[in-house]
Amino acid sequence: MENKKDTSGRETEKAQYKDVWVFVEQTDGVAQPVSFELLTKARELAGKIGCEVAAVSIGKSVSHLADEVFKYGADKFYVIENDVFESYRTEPFRDALSDLVRKYKPEIFLIGATTQGRDLSGTVATELKTGLTADTTKQEIDPETGLLLMTRPTFGGSLMATIICPDHRPQMSTVRPGVFKAEPLDKPKQGKIIREETKITEEQVVKKILQKVVSSDNVVNLGFYDVIVAGGKGMGNKDNFEMLIELADLLGGTWAGSRKAVELGFVPQTRQVGQTGQTVHPKLYIACGISGAIQHLVGMQTSDTIISINIDENAPIFDVSTYCIVEDALKFVPRLIAELRTKTKTVKK
Ligand SMILES: Cc1cc2nc3c(=O)[nH]c(=O)nc-3n(C[C@H](O)[C@H](O)[C@H](O)COP(=O)(O)OP(=O)(O)OC[C@H]3O[C@@H](n4cnc5c(N)ncnc54)[C@H](O)[C@@H]3O)c2cc1C
């Protein structure tokens, strides 16, 4: 009996929640690209459940991001501007965002699985006592229940788990950058900016930022490239990667590797594709000597076209490939390079 009462109470409560929200993360007023990927996805989800898309941003000065968020499909843009939000700190961001959620009640709330997004989402979900699925790679609406189906790799990527949050609101999840494509609308939305004040003052914030140090690591943003030529253990040694670098150059792209290739010292970690590396979505992904372990696939399987070169015709990479080439990559890649070189010369003539 108790249970029944609880559930009906929740149904009334749940009915008050609507809209799909996207947190627009920014640093010094520049939005993280993942925000636009999520707004594009939010348009699709909102279309399915019949509601609007709202973007939310918190910072010292963020309202100038309105043009961009409306271009990517937000109908509304909630903005909280105050000096106290100049740099990210967990507690003031948590309090401001939780208050905003309590006031406007979104049905779904998507946040990029960046370092900041992972920190913020966890603390906001705890504050709101709702469910959060971290690091998802797929988002769909269940046509029967209208619930958000949040899919993420788990147990080291050996299992894909689809998680739902049936009773609590909002349904929250973080999404890996690079999984969805950012697609602007032909005609931007005539969106509405909704400004909110904060009661939080600098004196109330215990954590102070004394210094910001920019890392000197040469991080390569693989998501930026339309063409990625990646190599795995099958490339044999570091020197053989020179041919992949040359192939990538000829195609106007960049090069990358599997985790095995990183562990063997063929490729720096900053170029690793996969679950513990970067997620990419290029127009063309060429996989050379990569077996296609699930932890690698989750980082590249949404690429538009995948060409795989592997000596093993049963390699799992072929299951996600557009073109499967059963060959020795060390012989095939030089032939491809020679062919492309002649093509380039012909074009130049
Ligand atoms: C928690 C966890 C996280 C992980 N995260 C990642 C991740 O982010 N990214 C990632 O890639 N992996 C990740 N892994 C590792 C992953 O499980 C695999 O071990 C790895 O992807 C395998 O790399 P590989 O395909 O290069 O090597 P292998 O699996 O050894 O495959 C080599 C392939 O090369 C082929 N081959 C050999 N010689 C040639 C040749 N001359 N020409 C053509 N083909 C040839 C072979 O047939 C084989 O298919 C993770 C694992 C765990 C447990």
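Residues numbered from 1 in each chain as written. Predicted model: local features only at pLDDT ≥ 70, side-chain atom pairs only at ≥ 80, totals over all residues. Heavy atoms only, no water.

**Student:** Sorry if this is basic, but what is going on with the packing of aromatic side chains here?
**Tutor:** Each pair of aromatic rings is reported with the distance of its centres and the angle of its planes. On inspection of all chains with the given rule, the structure shows 8 aromatic pairs. Summarising the aromatic geometry, the rings of Trp-21 and Phe-109 are spaced 5.5 Å apart at their centres and angled 85° between planes, so their arrangement reads as edge-to-face. You can see Trp-21 sitting in strand 1 (residues 20-23) and its partner Phe-109 sitting in strand 6 (residues 108-112), a full 88 residues away along the chain. Comparing Trp-21 with Phe-109 shows no difference in burial state: the two are buried. Each ring, one from Phe-36 and one from Tyr-72, has its centre 4.7 Å from the other, and the planes form 25°; the classification is stacked. Within this pair, whereas Phe-36 is found in helix 2 (residues 33-49), its partner Tyr-72 is found in the loop between helix 3 (66-71) and strand 5 (76-81), the two being separated by 36 residues in sequence. Tyr-72 carries the same exposure label as Phe-36, and that label is buried. Among the aromatic residues, those joined into a ring-pair cluster are Trp-21, Tyr-78, Tyr-104 and Phe-109. (Phe/Tyr/Trp six-rings, centres within 6.5 Å; stacked < 30°, edge-to-face > 60°. Helix = DSSP H or I, 4+ residues; strand = E, 2+ residues; numbered from the N terminus. Buried < 20%, exposed > 50% of the residue type's maximum accessible area, 1.4 Å probe, protein only.)

**Student:** Quick question: what am I supposed to make of the site of the ligand here?
**Tutor:** Taken together, 26 residues are adjacent to the ligand, and Ser-258, Gln-272, Thr-276, Ser-291 and Asn-310 come closest. Here an oxygen atom of the ligand and a side-chain polar atom of His-296 are 2.9 Å apart. Of all the elements in the fold, those that place two or more residues in the shell around the ligand are helix 7 (259-263), helix 8 (294-297) and strand 16 (305-310). (Near = heavy atom within 4 Å. Polar contact = N/O pair within 3.5 Å; in protein donor to acceptor, adjacent residues only side chain to side chain.)

**Student:** Can you walk me through the confidence of the model for the protein chain in this structure?
**Tutor:** As a note on interpretation, predicted positions should not be read in detail where pLDDT is low. Of the residues in the protein chain, 93% reach a pLDDT of 70 or more, and the chain-wide mean stands at 92. Low pLDDT (under 50) marks residues 1-5, which in the prediction has 0 contacts with non-local residues, meaning those over four places away or in another chain. (pLDDT = per-residue confidence, 0-100. Contact = heavy atoms within 4.5 Å.)

**Student:** In this structure, what is going on with the environment of Arg-118? I would like to understand it.
**Tutor:** Its location among the elements puts Arg-118 in helix 5 (residues 115-128). Classification of Arg-118 as partly exposed rests on a relative accessible area of 44%. As a C-alpha pair, Arg-118 and Val-175 span 57 residues in sequence and 9.3 Å in three-dimensional space. Non-local contacts of Arg-118, meaning those with residues more than four positions away in its chain, are made with Gly-112, Ala-113 and Asp-135. In terms of polar contacts, Arg-118 uses its side chain to reach the backbone carbonyl oxygen of Ala-113, at 3.0 Å. Within the local environment of Arg-118, its side chain forms a polar contact with the side chain of Asp-135, the two groups lying 3.4 Å apart.

**Student:** For this particular structure, what's the right way to read unusual backbone geometry?
**Tutor:** Leaving glycine out, the prevailing phi sign among residues is negative, and the prevailing peptide bond configuration is trans. At the junction of Arg-169 and Pro-170, the peptide bond is cis and its omega measures out at -5° in the coordinates. Positionally, Pro-170 belongs in the loop between strand 10 (159-163) and strand 11 (171-175). Phi at Lys-129 is positive, roughly 55°, even though this residue is not glycine. Following the sequence through the fold, Lys-129 ends up in the loop between helix 5 and strand 7 (132-136).

**Student:** Please explain the pattern of salt bridges as it appears in this structure.
**Tutor:** Opposite charge on two side chains makes pairing possible when the charged atoms of those side chains draw close. Going through the model one piece at a time under the given rule, you end up with 21 salt bridges. The salt bridge involving Glu-44 is made with Lys-41; its shortest N-O contact spans 3.2 Å. Of this pair, Glu-44 and Lys-41 both sit in helix 2, 3 residues apart, which is roughly one turn of that helix. Taking the relative accessible area as the measure of exposure, Glu-44 reaches 35% and is therefore partly exposed. The exposure class assigned to Lys-41 is buried, which follows from its relative accessible area of 11%. (Salt bridge = Lys/Arg side-chain N within 4 Å of Asp/Glu carboxyl O.)

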